[in-house]
Amino acid sequence: MRSLIGNKSAEKDIRDWLSDNGYCGKTAKFTEIELHAIKRPGWLQVFRFQLKGRTAEGQPVQLFGAMWSDERFRRPKIMVHEDLAVRDAQLVEWSEGLITQRRHRK
C-alpha cells in the first residue's frame, strides 16, 4: 500500500467506530483509507475506506465505508456496507459542494 496522508486519526476513528458497532476494530485490515473530499480551510473532510475484518461473532466481512469528519465536532459520521455502490452513493451525498479527488478508484 502506498503512503497515506493524514489517515492515522481517520484509521483510529474508524477502528473505534467498528468496535462500538459490532465489529472487531483492532484486527481490521485496511486495503484503502483515502481522503475523498475536503472543504476549505480543511476542517471538513470525507474519507473513503475498504477493509477486511470480522464481526464481533467472528464472521469474516469485507466492508466499504465512508467517514464524514469535521474537526470542530467530536465524533465523525461513519457508515459501512458490504455493497460498494451503497458506499459510493454515500460519498456522493457527503461530498456535495466539496473539493473532490479526481481519481476515485485504481
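Parameters at a glance
- Residues numbered from 1 in each chain as written.
- Predicted model: local features only at pLDDT ≥ 70, side-chain atom pairs only at ≥ 80, totals over all residues.
- Heavy atoms only, no water.
- Helix = DSSP H or I, 4+ residues; strand = E, 2+ residues; numbered from the N terminus.
- Expected span 1.5 Å × (residues − 1).
- Contact = heavy atoms within 4.5 Å.
- Polar contact = N/O pair within 3.5 Å; in protein donor to acceptor, adjacent residues only side chain to side chain.
- Pairing = 2+ DSSP bridges.
- Salt bridge = Lys/Arg side-chain N within 4 Å of Asp/Glu carboxyl O.
- Buried < 20%, exposed > 50% of the residue type's maximum accessible area, 1.4 Å probe, protein only.

### Overview of helix 2 (residues 84-95)
Relative to the 16 Å expected for 12 residues at 1.5 Å per residue, helix 2 spans 16 Å between its end C-alpha atoms, a close match to the ideal helical length. On its buried face, helix 2 is in contact with strand 1 (29-39), strand 2 (44-54), strand 3 (60-70), strand 4 (77-81) and strand 5 (99-100). Put simply, Asp83 is the residue that caps the front of helix 2, since its side-chain oxygen is 2.8 Å from the backbone nitrogen of Ala85. Positive backbone phi, at 85 degrees, marks Gly97, one or two positions downstream of helix 2.

### Some thoughts on the pairing of strand 4
Sheet faces and side chains relate simply in a regular strand, where the side chains alternate between the two faces. In the sheet, strand 3 pairs with strand 4 via five bridges, with the strands oriented antiparallel. Bridging from a neighbouring strand, Ala66 pairs with Met79 of strand 4. Between strand 3 and the antiparallel strand that follows it, strand 4, lie six residues.

### Observations regarding the pattern of salt bridges
It is possible for side chains of opposite charge to pair when their charged atoms get near one another. Summed over the entire model, instances satisfying the criterion amount to seven salt bridges. Here Lys12 makes a salt bridge to Asp16, at a shortest N to O gap of 2.7 Å. Taken together, the residues Lys12 and Asp16, both in helix 1 (residues 8-20) and four residues apart, mark about one turn of the helix. Of the charged contacts in the structure, one is a salt bridge between Asp20 and Arg75, with a shortest N-O distance of 3.5 Å. Here Asp20, found in helix 1, pairs with Arg75, found in the loop between strand 3 and strand 4; they are 55 residues apart in sequence, far enough to count as distant. Relative accessible area serves as the criterion here: at 59%, Arg75 is assigned to the exposed category. Here the salt bridges share partners, and the residues they tie into one network are Glu32, Arg48, Arg87 and Asp88.

### A word on the environment of Gly42
Here Gly42 is to be found in the loop between strand 1 and strand 2. In this structure the C-alpha to C-alpha distance between Gly42 and Phe73, which are 31 residues apart in sequence, comes to 13 Å.

### Examining the side chain of Glu11
Considering the arrangement of structural elements, one finds Glu11 in helix 1. Taking the relative accessible area as the measure of exposure, Glu11 reaches 18% and is therefore buried. Setting aside chain neighbours within four positions, we find Glu11 in contact with Phe30 and Ile33.

No statement about biological role is implied by the geometric values presented.
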